[in-house]
Amino acid sequence: MRIGIPKGLLYYKFYPFIITFFKELGAEVIVSPDTNKEILDLGTKYSIDEACLPIKIFHGHVAYLKDKCDIILLPRIMQLRKNEYICPKFCGLPEMVINTIPNMPKIISKPIYAFSKRSLKPWIIEAGLLVTKNYFKIIKAYSQAILVQKNYHCGVNDLNYPLNIALAGHPYNIYDEFSNMNLINKLNKLGVGVITEEFVDNTLIDNEVSNLFKRPFWTFARNSYGFSTYLAKNNKIHGIIYLSSFACGTDSVTIELIKDKLKDFPILILKIDEHTGEAGFDTRIEAFVDMLQRRCDLNEANLSSSR
Ligand code: SF4
(Lines give C-alpha, C1' and ligand atoms only; values in the text may rest on other atoms or scores of the structure.)
Protein backbone atom coordinates (compact mmCIF):
# COMPACT_ATOMS: atom_id res chain seq x y z
CA MET A 1 0.00 0.00 0.00
CA ARG A 2 1.54 3.31 -1.10
CA ILE A 3 0.24 6.41 0.69
CA GLY A 4 0.85 9.76 -1.02
CA ILE A 5 1.45 12.72 1.28
CA PRO A 6 1.31 16.14 -0.44
CA LYS A 7 3.99 18.50 0.92
CA GLY A 8 1.66 21.45 1.26
CA LEU A 9 -0.52 23.31 3.79
CA LEU A 10 0.02 22.02 7.33
CA TYR A 11 2.44 19.28 6.27
CA TYR A 12 5.25 21.46 7.67
CA LYS A 13 3.78 21.34 11.16
CA PHE A 14 2.53 17.78 11.32
CA TYR A 15 4.67 15.67 9.00
CA PRO A 16 6.39 13.72 11.84
CA PHE A 17 2.97 12.51 13.01
CA ILE A 18 1.60 11.63 9.57
CA ILE A 19 4.70 9.89 8.26
CA THR A 20 5.26 7.93 11.47
CA PHE A 21 1.63 6.83 11.65
CA PHE A 22 1.50 5.37 8.15
CA LYS A 23 4.98 3.86 8.31
CA GLU A 24 4.16 2.15 11.61
CA LEU A 25 1.09 0.66 9.94
CA GLY A 26 3.36 -0.87 7.33
CA ALA A 27 2.49 1.39 4.39
CA GLU A 28 5.01 2.81 1.95
CA VAL A 29 4.93 6.59 2.34
CA ILE A 30 5.55 8.73 -0.73
CA VAL A 31 5.99 12.44 -0.04
CA SER A 32 5.94 14.94 -2.90
CA PRO A 33 9.14 16.99 -3.30
CA ASP A 34 9.64 20.54 -2.03
CA THR A 35 7.49 22.99 -3.92
CA ASN A 36 9.07 23.93 -7.24
CA LYS A 37 8.08 25.57 -10.52
CA GLU A 38 6.65 22.32 -11.93
CA ILE A 39 4.42 21.83 -8.88
CA LEU A 40 3.29 25.45 -8.91
CA ASP A 41 2.41 25.19 -12.63
CA LEU A 42 0.44 21.97 -11.99
CA GLY A 43 -1.38 23.66 -9.12
CA THR A 44 -2.25 26.72 -11.18
CA LYS A 45 -3.46 24.48 -13.99
CA TYR A 46 -5.81 22.37 -11.86
CA SER A 47 -6.93 24.74 -9.13
CA ILE A 48 -9.77 27.23 -9.46
CA ASP A 49 -8.56 30.79 -10.20
CA GLU A 50 -10.04 32.23 -7.00
CA ALA A 51 -8.02 29.94 -4.71
CA CYS A 52 -5.18 31.34 -2.61
CA LEU A 53 -1.57 30.42 -3.41
CA PRO A 54 -1.21 27.69 -0.71
CA ILE A 55 -4.31 25.91 -2.01
CA LYS A 56 -3.00 26.08 -5.58
CA ILE A 57 0.35 24.73 -4.45
CA PHE A 58 -1.42 21.90 -2.61
CA HIS A 59 -3.24 20.97 -5.84
CA GLY A 60 0.16 20.86 -7.56
CA HIS A 61 1.52 18.42 -4.98
CA VAL A 62 -1.54 16.20 -5.38
CA ALA A 63 -1.27 16.25 -9.18
CA TYR A 64 2.41 15.27 -8.86
CA LEU A 65 1.55 12.30 -6.60
CA LYS A 66 -1.68 10.99 -8.07
CA ASP A 67 -0.16 8.37 -10.39
CA LYS A 68 2.54 7.32 -7.93
CA CYS A 69 0.44 6.00 -5.06
CA ASP A 70 -2.66 3.95 -4.16
CA ILE A 71 -4.17 6.43 -1.71
CA ILE A 72 -3.64 10.18 -1.27
CA LEU A 73 -4.10 12.00 2.00
CA LEU A 74 -6.29 15.10 1.55
CA PRO A 75 -6.32 16.48 5.10
CA ARG A 76 -9.71 18.03 5.78
CA ILE A 77 -8.51 19.77 8.96
CA MET A 78 -11.44 21.24 10.83
CA GLN A 79 -10.08 22.06 14.28
CA LEU A 80 -6.71 22.18 16.00
CA ARG A 81 -8.05 23.91 19.11
CA LYS A 82 -11.41 23.49 20.76
CA ASN A 83 -14.04 26.08 19.75
CA GLU A 84 -11.81 27.43 16.97
CA TYR A 85 -11.71 26.52 13.29
CA ILE A 86 -9.10 26.58 10.54
CA CYS A 87 -10.40 27.98 7.25
CA PRO A 88 -13.35 27.10 4.98
CA LYS A 89 -10.88 26.16 2.26
CA PHE A 90 -9.50 23.39 4.46
CA CYS A 91 -13.02 22.08 5.06
CA GLY A 92 -13.73 21.84 1.33
CA LEU A 93 -10.23 20.84 0.27
CA PRO A 94 -11.03 17.23 -0.82
CA GLU A 95 -14.01 18.39 -2.90
CA MET A 96 -11.91 21.08 -4.59
CA VAL A 97 -9.22 18.53 -5.44
CA ILE A 98 -11.36 15.63 -6.67
CA ASN A 99 -13.52 17.88 -8.82
CA THR A 100 -10.60 19.52 -10.59
CA ILE A 101 -7.87 16.86 -10.84
CA PRO A 102 -8.89 13.95 -13.11
CA ASN A 103 -8.17 10.24 -12.48
CA MET A 104 -7.51 10.58 -8.79
CA PRO A 105 -6.69 7.46 -6.78
CA LYS A 106 -8.56 6.63 -3.57
CA ILE A 107 -8.40 9.45 -1.00
CA ILE A 108 -8.44 9.89 2.77
CA SER A 109 -10.75 12.82 3.41
CA LYS A 110 -12.48 12.21 6.73
CA PRO A 111 -12.66 15.46 8.77
CA ILE A 112 -9.83 15.91 11.25
CA TYR A 113 -10.64 17.25 14.70
CA ALA A 114 -7.23 17.38 16.33
CA PHE A 115 -7.80 19.31 19.55
CA SER A 116 -7.37 16.21 21.72
CA LYS A 117 -6.18 12.63 21.50
CA ARG A 118 -9.79 11.49 21.74
CA SER A 119 -11.18 13.86 19.10
CA LEU A 120 -8.58 12.67 16.59
CA LYS A 121 -9.23 8.97 17.19
CA PRO A 122 -12.12 8.49 14.69
CA TRP A 123 -9.86 9.79 11.90
CA ILE A 124 -7.04 7.54 13.07
CA ILE A 125 -9.26 4.45 12.99
CA GLU A 126 -10.73 5.19 9.57
CA ALA A 127 -7.37 6.03 7.99
CA GLY A 128 -5.67 3.10 9.71
CA LEU A 129 -8.26 0.57 8.51
CA LEU A 130 -7.39 1.44 4.93
CA VAL A 131 -3.93 -0.01 5.53
CA THR A 132 -4.48 -2.79 8.08
CA LYS A 133 -7.42 -4.53 9.74
CA ASN A 134 -5.37 -4.96 12.91
CA TYR A 135 -6.93 -2.54 15.43
CA PHE A 136 -4.08 -2.91 17.94
CA LYS A 137 -1.54 -2.07 15.31
CA ILE A 138 -3.46 1.12 14.53
CA ILE A 139 -3.56 2.17 18.19
CA LYS A 140 0.16 1.41 18.60
CA ALA A 141 0.98 3.42 15.45
CA TYR A 142 -1.11 6.31 16.82
CA SER A 143 0.78 6.34 20.13
CA GLN A 144 4.13 6.22 18.36
CA ALA A 145 3.12 9.05 16.00
CA ILE A 146 2.09 11.23 18.95
CA LEU A 147 5.43 10.59 20.60
CA VAL A 148 7.42 11.54 17.50
CA GLN A 149 5.30 14.67 16.96
CA LYS A 150 5.85 15.76 20.58
CA ASN A 151 9.61 15.62 20.07
CA TYR A 152 9.45 17.74 16.94
CA HIS A 153 9.79 21.50 17.29
CA CYS A 154 8.70 23.60 14.38
CA GLY A 155 9.48 27.31 14.21
CA VAL A 156 12.28 29.87 14.11
CA ASN A 157 13.72 31.77 17.05
CA ASP A 158 16.82 33.61 16.01
CA LEU A 159 16.88 37.04 17.59
CA ASN A 160 20.64 37.51 17.77
CA TYR A 161 20.76 40.12 15.03
CA PRO A 162 21.06 43.93 15.21
CA LEU A 163 17.40 44.13 14.14
CA ASN A 164 14.73 41.57 14.92
CA ILE A 165 11.25 41.02 13.59
CA ALA A 166 8.23 38.80 14.22
CA LEU A 167 7.36 36.84 11.10
CA ALA A 168 3.60 36.36 11.16
CA GLY A 169 1.40 34.39 8.79
CA HIS A 170 0.33 30.86 8.01
CA PRO A 171 2.93 28.12 8.55
CA TYR A 172 2.73 26.98 4.91
CA ASN A 173 3.70 30.47 3.73
CA ILE A 174 6.50 30.77 6.27
CA TYR A 175 8.06 27.32 5.80
CA ASP A 176 7.61 26.84 2.07
CA GLU A 177 10.83 28.44 0.82
CA PHE A 178 9.73 28.35 -2.81
CA SER A 179 6.54 30.31 -2.28
CA ASN A 180 8.16 32.85 0.09
CA MET A 181 11.32 33.10 -2.04
CA ASN A 182 13.47 32.16 0.92
CA LEU A 183 12.37 35.14 2.96
CA ILE A 184 14.09 34.18 6.23
CA ASN A 185 17.40 33.80 4.46
CA LYS A 186 16.97 37.19 2.77
CA LEU A 187 16.24 38.82 6.15
CA ASN A 188 19.22 37.19 7.83
CA LYS A 189 21.48 38.45 5.04
CA LEU A 190 20.19 41.97 5.72
CA GLY A 191 21.07 41.59 9.40
CA VAL A 192 17.55 40.83 10.60
CA GLY A 193 16.66 38.04 13.02
CA VAL A 194 13.30 36.29 12.98
CA ILE A 195 10.94 34.79 15.52
CA THR A 196 7.78 32.84 14.64
CA GLU A 197 4.60 32.12 16.59
CA GLU A 198 5.71 28.71 17.87
CA PHE A 199 8.16 30.44 20.24
CA VAL A 200 5.60 32.44 22.16
CA ASP A 201 3.88 30.55 24.93
CA ASN A 202 0.21 29.71 24.38
CA THR A 203 -0.77 31.36 27.67
CA LEU A 204 0.75 34.66 26.52
CA ILE A 205 -1.10 34.41 23.21
CA ASP A 206 -4.36 33.67 25.07
CA ASN A 207 -3.79 36.73 27.29
CA GLU A 208 -3.41 38.93 24.23
CA VAL A 209 -6.50 37.66 22.44
CA SER A 210 -8.58 37.89 25.62
CA ASN A 211 -8.37 41.69 25.21
CA LEU A 212 -10.17 41.55 21.88
CA PHE A 213 -13.87 42.45 21.84
CA LYS A 214 -14.60 38.91 20.61
CA ARG A 215 -12.73 35.63 20.82
CA PRO A 216 -11.16 34.84 17.38
CA PHE A 217 -13.05 32.19 15.45
CA TRP A 218 -9.99 31.16 13.43
CA THR A 219 -6.92 29.54 14.99
CA PHE A 220 -4.65 31.21 12.44
CA ALA A 221 -5.99 34.63 13.43
CA ARG A 222 -5.53 33.88 17.13
CA ASN A 223 -1.93 32.80 16.68
CA SER A 224 -0.79 35.61 14.38
CA TYR A 225 -2.51 38.34 16.37
CA GLY A 226 -1.55 37.06 19.81
CA PHE A 227 2.10 36.36 19.22
CA SER A 228 2.92 39.48 17.22
CA THR A 229 1.12 41.94 19.51
CA TYR A 230 2.70 40.33 22.59
CA LEU A 231 6.22 40.69 21.17
CA ALA A 232 5.65 44.25 19.97
CA LYS A 233 4.12 45.47 23.24
CA ASN A 234 6.95 43.96 25.24
CA ASN A 235 9.67 45.56 23.07
CA LYS A 236 11.11 42.23 22.00
CA ILE A 237 11.14 43.09 18.29
CA HIS A 238 11.71 46.11 16.06
CA GLY A 239 8.98 45.33 13.55
CA ILE A 240 6.54 42.78 12.16
CA ILE A 241 6.48 41.22 8.72
CA TYR A 242 3.13 39.65 7.93
CA LEU A 243 3.43 37.17 5.09
CA SER A 244 -0.03 36.87 3.64
CA SER A 245 -1.68 35.01 0.77
CA PHE A 246 -3.45 37.18 -1.75
CA ALA A 247 -7.24 36.72 -1.32
CA CYS A 248 -6.99 35.17 2.14
CA GLY A 249 -10.11 36.06 4.12
CA THR A 250 -8.72 35.37 7.61
CA ASP A 251 -5.58 37.43 6.92
CA SER A 252 -7.60 40.47 5.89
CA VAL A 253 -9.21 40.54 9.34
CA THR A 254 -6.11 39.60 11.33
CA ILE A 255 -3.94 42.28 9.71
CA GLU A 256 -6.48 44.99 10.56
CA LEU A 257 -6.71 43.76 14.16
CA ILE A 258 -2.91 43.91 14.56
CA LYS A 259 -2.67 47.36 12.98
CA ASP A 260 -5.48 48.66 15.14
CA LYS A 261 -3.82 47.36 18.30
CA LEU A 262 -0.27 48.50 17.59
CA LYS A 263 -1.05 51.82 15.87
CA ASP A 264 2.28 53.19 14.49
CA PHE A 265 4.43 50.12 15.21
CA PRO A 266 6.32 49.18 12.00
CA ILE A 267 4.49 46.46 10.06
CA LEU A 268 5.19 45.27 6.53
CA ILE A 269 2.48 43.27 4.78
CA LEU A 270 3.87 41.03 2.06
CA LYS A 271 1.12 39.50 -0.08
CA ILE A 272 2.12 36.58 -2.23
CA ASP A 273 0.49 34.81 -5.13
CA GLU A 274 1.75 32.93 -8.19
CA HIS A 275 2.53 36.22 -9.97
CA THR A 276 4.67 37.77 -7.23
CA GLY A 277 7.97 38.94 -8.69
CA GLU A 278 11.13 38.48 -6.66
CA ALA A 279 12.65 41.88 -7.53
CA GLY A 280 9.67 43.84 -6.19
CA PHE A 281 9.50 41.54 -3.16
CA ASP A 282 13.17 42.19 -2.35
CA THR A 283 12.81 45.96 -2.78
CA ARG A 284 9.97 46.09 -0.28
CA ILE A 285 11.93 44.06 2.28
CA GLU A 286 15.04 46.20 1.88
CA ALA A 287 13.05 49.43 2.21
CA PHE A 288 11.39 48.11 5.37
CA VAL A 289 14.71 47.09 6.91
CA ASP A 290 16.17 50.53 6.05
CA MET A 291 13.24 52.16 7.78
CA LEU A 292 13.69 49.97 10.88
CA GLN A 293 17.38 50.86 10.99
CA ARG A 294 16.69 54.60 10.72
CA ARG A 295 14.06 54.34 13.43
CA CYS A 296 16.56 52.60 15.72
CA ASP A 297 19.26 55.20 15.00
CA LEU A 298 16.80 57.99 15.75
CA ASN A 299 15.73 56.41 19.04
CA GLU A 300 19.37 56.04 20.08
CA ALA A 301 20.14 59.66 19.15
CA ASN A 302 17.14 60.85 21.18
CA LEU A 303 18.26 58.79 24.14
CA SER A 304 21.80 60.16 24.10
CA SER A 305 20.63 63.78 23.77
CA SER A 306 18.31 63.36 26.78
CA ARG A 307 21.17 62.04 28.99
S1 SF4 B 1 -6.32 30.58 5.71
FE2 SF4 B 1 -6.03 31.93 3.95
S3 SF4 B 1 -4.12 31.25 3.02
FE4 SF4 B 1 -4.83 29.59 4.35
S5 SF4 B 1 -6.03 28.25 3.04
FE6 SF4 B 1 -7.45 29.68 3.99
S7 SF4 B 1 -7.64 31.36 2.49
FE8 SF4 B 1 -5.79 30.18 1.96
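Everything in this summary refers to the structure shown in the same document. (Residues numbered from 1 in each chain as written. Predicted model: local features only at pLDDT ≥ 70, side-chain atom pairs only at ≥ 80, totals over all residues. Heavy atoms only, no water.)

Spatially, the five strands line up as an open sheet ordered 7-9-8-10-11, and their pairing is mixed. With one partner strand each, in any of the chains shown, strand 7 (157-158) and strand 11 (267-272) form the two edges of the open sheet. Relative to strand 9 (residues 192-195), strand 8 (residues 163-169) runs parallel, the two sharing four bridges. Paired with Asn164 across the strands is Gly193, a residue of strand 9. Its contacts with the sheet put helix 12 (residues 249-262) on strand 10 (239-245) and strand 11, and the angle it makes with strand 10 is roughly 165°. Seen against the sheet, helix 13 (residues 278-306) touches strand 8, strand 9, strand 10 and strand 11 and runs at an angle of roughly 175° to strand 11. (Pairing = 2+ DSSP bridges. Helix = DSSP H or I, 4+ residues; strand = E, 2+ residues; numbered from the N terminus. Contact = heavy atoms within 4.5 Å. Axes fitted to C-alpha atoms, helices over the stretch in contact; angles between N-to-C directions.)

This brings us to the packing of aromatic side chains. Here the structure, examined in full by the defined rule, presents 14 aromatic pairs. Where Tyr11 meets Tyr15, the ring centres are 5.1 Å apart and the plane angle is 20°; that geometry is what we call stacked. Remark: Tyr15 and Tyr11 occur in helix 1 (residues 11-25); sequence separation between them is four residues, near one turn of the helix. With a relative accessible area of 30%, Tyr15 lands in the partly exposed category. Ring centres of Tyr85 and Phe217 lie 5.2 Å apart, and the angle between their planes is 25°; on these two criteria the pair is classed as stacked. Placement of the pair is Tyr85 in the loop between strand 4 (76-79) and helix 4 (88-91) and Phe217 in the loop between helix 10 (202-209) and helix 11 (219-233), with a sequence separation of 132 residues. Using a relative accessible area of 30% as the deciding quantity, one classes Tyr85 as partly exposed. For Phe217, a relative accessible area of 42% corresponds to the partly exposed category. Among the aromatic side chains, those forming a connected cluster through ring pairs are Phe17, Phe21, Phe22, Trp123 and Tyr142. Looking at Lys68, its charged tip hangs above the ring of Tyr64, at a distance of 4.0 Å from the centre. (Phe/Tyr/Trp six-rings, centres within 6.5 Å; stacked < 30°, edge-to-face > 60°. Buried < 20%, exposed > 50% of the residue type's maximum accessible area, 1.4 Å probe, protein only. Lys NZ or Arg CZ within 6 Å of the ring centre and 35° of its normal.)

Axis angle and axis distance: for two packed helices, these are the angle between their axes and the distance between the axes, and together they describe the pair. Closest axis-to-axis distance for the helix 1/helix 7 (residues 135-150) pair is 8 Å, and the angle between their directions is 150°. The angle between the axes of helix 1 and helix 7 places the two elements in the roughly antiparallel class. For the pair helix 1 and helix 7, the crossing hand works out as right-handed. Here Lys13, Phe14, Tyr15, Pro16, Phe17, Thr20, Phe21, Glu24 and Leu25 of helix 1 lie close against helix 7, whose contacting residues are Lys137, Ile138, Ala141, Tyr142, Gln144, Ala145, Ile146, Val148 and Gln149. Residue classes in the contact of helix 1 with helix 7 are distributed as 12 nonpolar, three polar and three charged. (Parallel < 35°, antiparallel > 145°, perpendicular 65-115°, else oblique. Left-handed = near helix turned anticlockwise from the far one by under 90°. Nonpolar A, V, L, I, M, F, W, Y, C, P; charged D, E, K, R; others polar.)

Interpretation note: all reported values are geometric properties and have no functional meaning in isolation.
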